[in-house]
Amino acid sequence: MTTDFAIYDMDRTVTRRATYTPFLLHCAVRRAPWRLLLMPFVIASMLAYVVKLIDRGRLKEINHRLLLGHNRHPSELKPLVESFAEKMLSSNIRPGATKAIAQDKAEGRRVVMATASYRFYSREIAERLGFDDCIGTNSILGLDERVHAKIDGENCYGPAKLRMIKSWLASSGLERGHVRFYSDHASDKPAFEWADEPVAVNPHDKLARLAKDRGWRSEDWG
């Protein structure tokens, strides 16, 4: 039996604003405010990314280590993840996203989040919004059961996001039916092209042009 899917990007698609740096700042403020003194190094790493000295995955690892620490036990992260998810749901979710999720579920689709953000916190947001599954960037979980500031596998971004979606689908035991895919950003072009029904949500200029050229539907979720 085939399954129909609705796959959503998270940052600036479901949410109004990005979540990764706000999550790290949320953790630093609540757990170790002294880490805010390291912000000049965070800014320096961002500049290094802008001039292409490091890639997005390495940028994440550096900022994770600076603001959250080299490794943390899941029990330390749990209250931080939960409080951040509550904050996001109260002030950072697009009204159109909640309507679309409800509609997709009413149509019998399996609703999946696929995000470049770390899965250990995006999964909490996804579950609270009613998603069935969450695909995201994974962190290495050491033999000490601590979450390390190191990406496990690929950063779930661009072509890697599509590879991770396909890998998840292959391991899920579910047979692909119709796929509807939502995102705000042209970096998700591979997933848009793979989907049966691509939907550009509040698209930035490059994606707006691409959607117009390809005849993809665009929606304003507020």
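Read on for a plain summary of the structure. Residue numbers restart at each chain and count upward from 1, following the sequence in its written direction. Residue-level local features of this predicted model are given only where pLDDT is at least 70; pairs of side-chain atoms are given and counted only at 80 or more, and the full residue set underlies all totals for whole chains, interfaces and linings. The side-chain quantities take in all heavy atoms of the structure and omit both hydrogens and water.

### Comments concerning the pattern of salt bridges
Here's step 1: By definition, a salt bridge exists where a carboxyl oxygen of Asp or Glu is found within 4 Å of a side-chain nitrogen of Lys or Arg. Enumeration over the complete set of coordinates arrives at 21 salt bridges.
Here's step 2: When the shortest N-O distance is used, the salt bridge between E107 and R180 registers 3.2 Å. Of this pair, E107 sits in the loop between α5 (95–106) and β3 (110–118) while R180 sits in strand β6 (residues 175–183), and the two are 73 residues apart along the sequence.
Here's step 3: For the exposure calls, accessible area comes from a 1.4 Å probe over protein chains only, and a residue counts as buried if that area is under 20% of its type's maximum, exposed if over 50%, partly exposed in between. Taking the relative accessible area as the measure of exposure, R180 reaches 8% and is therefore buried.
Here's step 4: Here K161 makes a salt bridge to D188, at a shortest N to O gap of 3.2 Å. Residue K161 is located in helix α7 (residues 159–172), and its partner D188 is located in the loop between β6 and α8 (189–194); the two are separated by 27 residues in the primary sequence.
Here's step 5: Within this structure, D104, E107, R109, R180, E197, R217 and E219 form a network of salt bridges that share partners. Each helix is a run of H or I in the DSSP string that is no shorter than four residues. Each strand is a run of E no shorter than two, and both are numbered from the N terminus.

### Quick word on the packing of helix α2 (residues 39–50) against helix α3 (residues 56–67)
Helix-helix packing is described using two parameters, namely the angle between the two axes and the distance between the axes.
Here's step 1: Following both chains from N to C, one finds α2 and α3 inclined at 180°, their axes separated by 10 Å at the closest point. The angle between α2 and α3 places the two elements in the roughly antiparallel class. Between α2, through M39, F41, V42, S45, M46 and Y49, and α3, the contact on the second element is made entirely by R56, L59, I62, N63, L66 and L67. The convention used is that axes are lines fitted to C-alpha atoms, helices contributing only their stretch in contact, and that angles between N-to-C directions extend from 0 to 180 degrees. An angle below 35 degrees is treated as roughly parallel, one above 145 as roughly antiparallel, one from 65 to 115 as roughly perpendicular, and anything else as oblique. Note on contacts: a residue pair is in contact if any heavy atoms of the two residues lie within 4.5 Å.

### Notes on the sheet that holds strand β8 (residues 217–219)
Here's step 1: One requirement defines pairing of two strands: DSSP has to find at least two bridges between them. Strands sit in the order β2-β5-β4-β3-β1-β6-β7-β8 across an open sheet of 8 strands; the sheet is mixed. The sheet terminates laterally at β2 (71–72) and β8, the two strands that pair on one side only.
Here's step 2: Sheet analysis places β3 next to strand β4 (residues 133–141), joined by 5 bridges and oriented parallel. Across the sheet, the residue bridging to M113 is C134, located in β4.

### Notes on a nonpolar patch on the surface
Here's step 1: Candidate patch residues must exceed 30% relative accessible area and have no salt bridge, after which like charges are joined if within 9 Å and Val, Leu, Ile, Met, Phe, Trp or Tyr side chains if within 5 Å. For the accessible areas, the method is Shrake-Rupley and the probe is 1.4 Å, while residue cover comes only from the protein chains on display. A cluster of nonpolar residues, V50, V51 and L53, forms a patch on the protein surface that exposes about 330 Å² of accessible area.
Here's step 2: Here V51 is to be found in the loop between α2 and α3.
Here's step 3: Look at V51 and you get exposed, because its relative accessible area is 53%.

### Things to note about the environment of E107
Here's step 1: When its relative accessible area of 42% is taken as the criterion, E107 is described as partly exposed.
Here's step 2: For the pair E107 and R214, spaced 107 residues apart in sequence, the C-alpha separation works out to 25 Å.

### Thoughts on the packing of helix α1 (residues 20–31) against helix α4 (residues 74–91)
Here's step 1: Look at α1 against α4: their axes get within 10 Å of each other, and the N-to-C directions meet at 125°. Taken together, the axes of α1 and α4 lie oblique to each other. α4 is crossed by α1, and the crossing has right-handed handedness. Counted together, P22, F23, H26, C27, R30 and R31 of α1 and E76, L80, V81, S83, F84 and K87 of α4 form the full contact between these two elements. The crossing is said to be left-handed when, going from far helix to near helix, the turn is anticlockwise and less than a right angle, and right-handed when the turn is clockwise.

### Regarding α4
Here's step 1: Residue count minus one, scaled by 1.5 Å, sets the expected span of a helix. Counted at 1.5 Å a residue, the expected span for α4 with its 18 residues is 26 Å, and the 25 Å between its end C-alpha atoms agrees.
Here's step 2: Restricting attention to buried positions, one finds in α4 the residues L77, L80, V81, F84, A85 and M88. An end-on view of α4 places all buried positions within 140° of arc, on one side of the element. Relative to its buried face, α4 has exposed residues pointing more than 90 degrees away, namely S75 and S90.
Here's step 3: Elements that come into contact with the buried residues of α4 comprise α1, β2, α6 (119–129) and β5 (147–152). To obtain the arc, one takes the directions from the helix axis to the C-beta atoms.

### A few points about a positive patch on the surface
Here's step 1: On the surface, a cluster of positive charge is contributed by R16, R17, R30 and K87.
Here's step 2: Note on placement: R17 falls in the loop between β1 (2–8) and α1.
Here's step 3: Judged by its relative accessible area of 44%, R17 falls in the partly exposed class. His is not counted here, nor are the chain ends, while Lys and Arg score as positive and Asp and Glu score as negative. A charge is said to be at NZ when it belongs to Lys, at CZ for Arg, at CG for Asp and at CD for Glu.

### A look at the environment of F131
Here's step 1: Mapping F131 onto the fold places it in the loop between α6 and β4.
Here's step 2: Looking at F131, the relative accessible area reads 7%, which means it is buried.
Here's step 3: It is 35 Å that separates the C-alpha atoms of F131 and L38, two residues lying 93 residues apart in sequence.
Here's step 4: The contact partners of F131, leaving out residues within four places of it in the chain, are Y8, V14, I101, V111, V112, M113 and A126.

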